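Observations on the three-dimensional arrangement
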Amino acid sequence: MRTVTRLAGFAVGLAAVFGATYGVGRVVDPAPVAESRHDGAAAPSADERGGTADRLPGGLLVSERGYTLEPVDAPPGEFAFRIAGPDGRPVTRYEVAHDKLMHLIVARRDLSGFRHVHPDLAPDGTWRVDSPLTGPGQWRAFADFTPTGGESLTLGVDVTVPGELTERQLPAPATSTTVDGYTVTLTGAPQPGSTSSLTVTVSRGGQPVTDLEPYLGAYGHLVALRRGDLAYLHVHPDGTPGDGRTRPGPAVTFLAEVPSAGSYRLYLDFQHGGRVHTAEFTVVAGAALTGDVPTPSGPAPTGEADHGTPGHGHN
Ligand SMILES: [Cu+2]
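Residues numbered from 1 in each chain as written. Predicted model: local features only at pLDDT ≥ 70, side-chain atom pairs only at ≥ 80, totals over all residues. Heavy atoms only, no water.

**Regarding the overall build of the chain**
Note the following rule: The helix count covers DSSP runs of H or I at least four residues long, the strand count covers runs of E at least two residues long, and both are numbered beginning at the N terminus. Residue exposure (1.4 Å probe, protein chains only): buried if accessible area is under 20% of the type maximum, exposed if over 50%, otherwise partly exposed.
Helices and strands together make up the secondary structure of the chain, namely two helices and 19 strands. Burial statistics for the chain: of 315 residues in total, 47% are counted as buried.

**Notes on the sheet that holds strand 19 (residues 275-285)**
To summarise the sheet geometry, strands pair through backbone hydrogen bonds and adopt either a parallel or an antiparallel arrangement. Cut-off, in case you're wondering: Two strands pair if DSSP finds at least two bridges between them. Between N-to-C directions, angles cover 0 to 180 degrees, with each direction set by a line fitted to C-alpha atoms, over the stretch in contact for helices.
Spatial ordering of the open sheet is given by 16-15-18-19, a layout of four strands whose pairing is antiparallel. The two strands at the open ends of the sheet, each matched to only one other strand, are strand 16 (232-235) and strand 19. Across the sheet, the mean angle from the axis of one strand to that of its neighbour is 20°, orientation sign disregarded. Bridge analysis of strand 15 (residues 221-226) against strand 16 gives four bridges, and the strand direction is antiparallel. Within the sheet, the bridge partner assigned to valine 223 lies in strand 16 and is histidine 234.

**Concerning the sheet that holds strand 3 (residues 78-84)**
In spatial order, the strands read 1-2-3-8-7; together these five strands make up an open sheet with antiparallel pairing. Both outer strands of the open sheet, strand 1 (63-64) and strand 7 (120-121), are each paired with one neighbouring strand and no more. Where strand 7 lies against strand 8 (residues 126-130), two bridges are found, and the strand directions are antiparallel. Looking across to strand 8, one finds that aspartate 120 is bridged to arginine 128.

**Points about the coordination of the copper ion**
Selection rule: With water omitted from the atoms examined, metal sites may look incomplete; donors here are N, O and S atoms no farther than 2.8 Å from the metal, or 3.2 Å in the case of Na, K and Ca.
Within the protein, the copper ion binds to His103 (ND1), His116 (NE2) and His118 (NE2); these donor distances fall in the range 1.8 to 2.0 Å. Along the chain, the residues that donate to the copper ion are spaced as H-x12-H-x1-H. With histidine 103 in strand 5 (residues 102-108) and histidine 118 in the loop between strand 6 (115-117) and strand 7, this pair connects stretches of sequence that are 15 residues apart. With a relative accessible area of 2%, histidine 103 lands in the buried category. Assessed through its relative accessible area of 10%, histidine 118 is described here as buried.

**Side note on the nonpolar core**
The cut-off we apply is this: Joining through side-chain atoms within 4.5 Å is the link that ties buried Ala, Val, Leu, Ile, Met, Phe, Trp, Tyr and Cys residues into a set, and such a set is a nonpolar core.
Membership of the largest hydrophobic core comes to 26 residues, with the highest contact counts inside it found for Val184, Tyr264, Leu266, Leu268 and Phe270. Breaking this core down by element, the ones donating at least two residues are strand 12 (182-187), strand 13 (196-204), strand 15, strand 16, strand 17 (251-256), strand 18 (262-272) and strand 19. Phe79, Tyr94, Leu104 and Ala143 belong to the second largest nonpolar core, which has 22 residues in total.

**A look at the confidence of the model for the chain**
We count it as follows: Residue-level confidence of the predictor is summarised by pLDDT, bounded by 0 at the bottom and 100 at the top. Contacts are assigned to residue pairs that have any heavy atoms within 4.5 Å of one another.
Of all residues in the chain, 74% have pLDDT values of 70 or greater, and the mean over the chain is 80. Taken as a whole, residues 1-53 scores under 50 in pLDDT and shows 68 contacts with residues more than four places along the chain or in a different chain. Every residue in residues 289-315 is under pLDDT 50, and counting partners more than four places away or in other chains gives 59 contacts.

**Quick look at the packing of aromatic side chains**
Using the following cut-off: Two aromatic rings from Phe, Tyr or Trp, using only the six-membered ring of Trp, form a pair when their centres are within 6.5 Å; if the ring planes differ by under 30 degrees the pair is stacked, by over 60 it is edge-to-face, and anything between is tilted.
Counted under the stated rule, the structure contains seven aromatic pairs. Arranged with centres 5.9 Å apart and planes meeting at 40°, the rings of phenylalanine 79 and phenylalanine 81 form a pair that is tilted. Accessibility classification places phenylalanine 79 together with phenylalanine 81 in one group, the buried group. An angle of 75° between the planes, with centres 5.8 Å apart, marks the rings of tyrosine 94 and phenylalanine 145 as edge-to-face. Here tyrosine 94, found in strand 4 (residues 94-95), pairs with phenylalanine 145, found in strand 9 (residues 137-147); they are 51 residues apart in sequence, far enough to count as distant. Each residue in the set Phe79, Phe81, Tyr94, Trp127 and Phe145 is aromatic and connected to the rest through ring pairs, giving one cluster.

**Quick notes on the pairing of strand 15**
Put simply, side chains in a regular strand alternate between the two faces of the sheet. Summarising burial for strand 15: six of the six residues are buried, a large majority. The alternating pattern of strand 15 places His221, Val223 and Leu225 on one face and Leu222, Ala224 and Arg226 on the opposite face, and all of these are buried. Inspection of the sheet shows strand 15 paired to strand 18 by six bridges, in the antiparallel sense. Each residue of the ladder has a partner; that of arginine 226, found in strand 18, is tyrosine 264. The loop that links strand 15 with its antiparallel partner strand 16 comprises five residues; one of these, glycine 228, has a positive phi angle of about 110°.

**What to know about the side chain of aspartate 144**
Cut-off, in case you're wondering: Counted as a polar contact is a pair of N or O atoms within 3.5 Å, where, for protein atoms, one must be capable of donating a hydrogen and the other of accepting one, and residues adjacent in sequence contribute only when both atoms are in side chains.
The topology assignment puts aspartate 144 in strand 9. Of the polar contacts made by the side chain of aspartate 144, one reaches the side chain of tyrosine 232; its length is 2.8 Å.

**Some remarks on the pattern of salt bridges**
Going by this rule: Put simply, a salt bridge is a Lys or Arg side-chain nitrogen that is within 4 Å of an Asp or Glu carboxyl oxygen.
Scanning all chains against the criterion turns up 11 salt bridges. Note that glutamate 78 is salt-bridged to arginine 128, the shortest N-O span being 2.9 Å. Of the two residues, glutamate 78 sits in strand 3 while arginine 128 sits in strand 8, which places them 50 residues apart along the sequence. Its salt-bridge partner being arginine 140, residue aspartate 158 comes within 3.1 Å of it at the nearest N-O pair. Placement of the pair is aspartate 158 in strand 10 (residues 153-161) and arginine 140 in strand 9, with a sequence separation of 18 residues. Here the residues in one salt-bridge network are Arg109, Arg140 and Asp158, joined through shared partners.

Quick look at the structure:
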């Protein structure tokens, strides 16, 4: 899995993305800035960097290691894009990862409107899907894929949907949420720089759900987006269906390593009753260390129910 990003990697990431002017009060060694990659060349290994660094979190770059995410014009109601490869031509060969050739994740910059969909590949390398951009706003679209002959990669691009938008406050941190009649609780808290165990427990009508269905080869998929820059972490469960030790609920455990302190929105996809449901949580990593980023204005919402996009779902 490529979701593991060490704390040292975060320091490099912040320096590379924000430059020295955006330090959130942390001491960042300036040396790695010069090593940030703008040319698509392979990342220096941790050893080459003196054992201090990993690569950036996913989704922050529109172009990385020679691959570039390019939205293309599409009819209304459709979203289309391609991945340009190192030779400049659209990539047409991909490896299956988590049951699919391509995972497209979208969320607004305010972390609302999350969708996770699976586009279809045309022979010319164009990916098409019914548009998951469910309303106006500044969206970030993430393409999570493995090109044949390359490593897995998550590229991100901004997409604007015109129209009037009321920006939503990030819901307050909570350890329980409801979706589609299910109650999902979260135990564990991510700590930057170390692997943290996060366990979600699913119940319905007060009864634990013990017959979760595999979805994309797992009993749950967890995407985390960092508040502030939408750094993307795709976290997978500790255990897979059929491995003889992983039970189909009510608990699903994930191993997460977040790249920094701060607020994250977690999006848990799980399948039950033949449908995929998405439970969302706000968590604060390293809260004791730095505290949360203050909300710019107005009181924080007290619940989760006002944040979700009605009918957001999957295909
Ligand atoms: Cu997917």
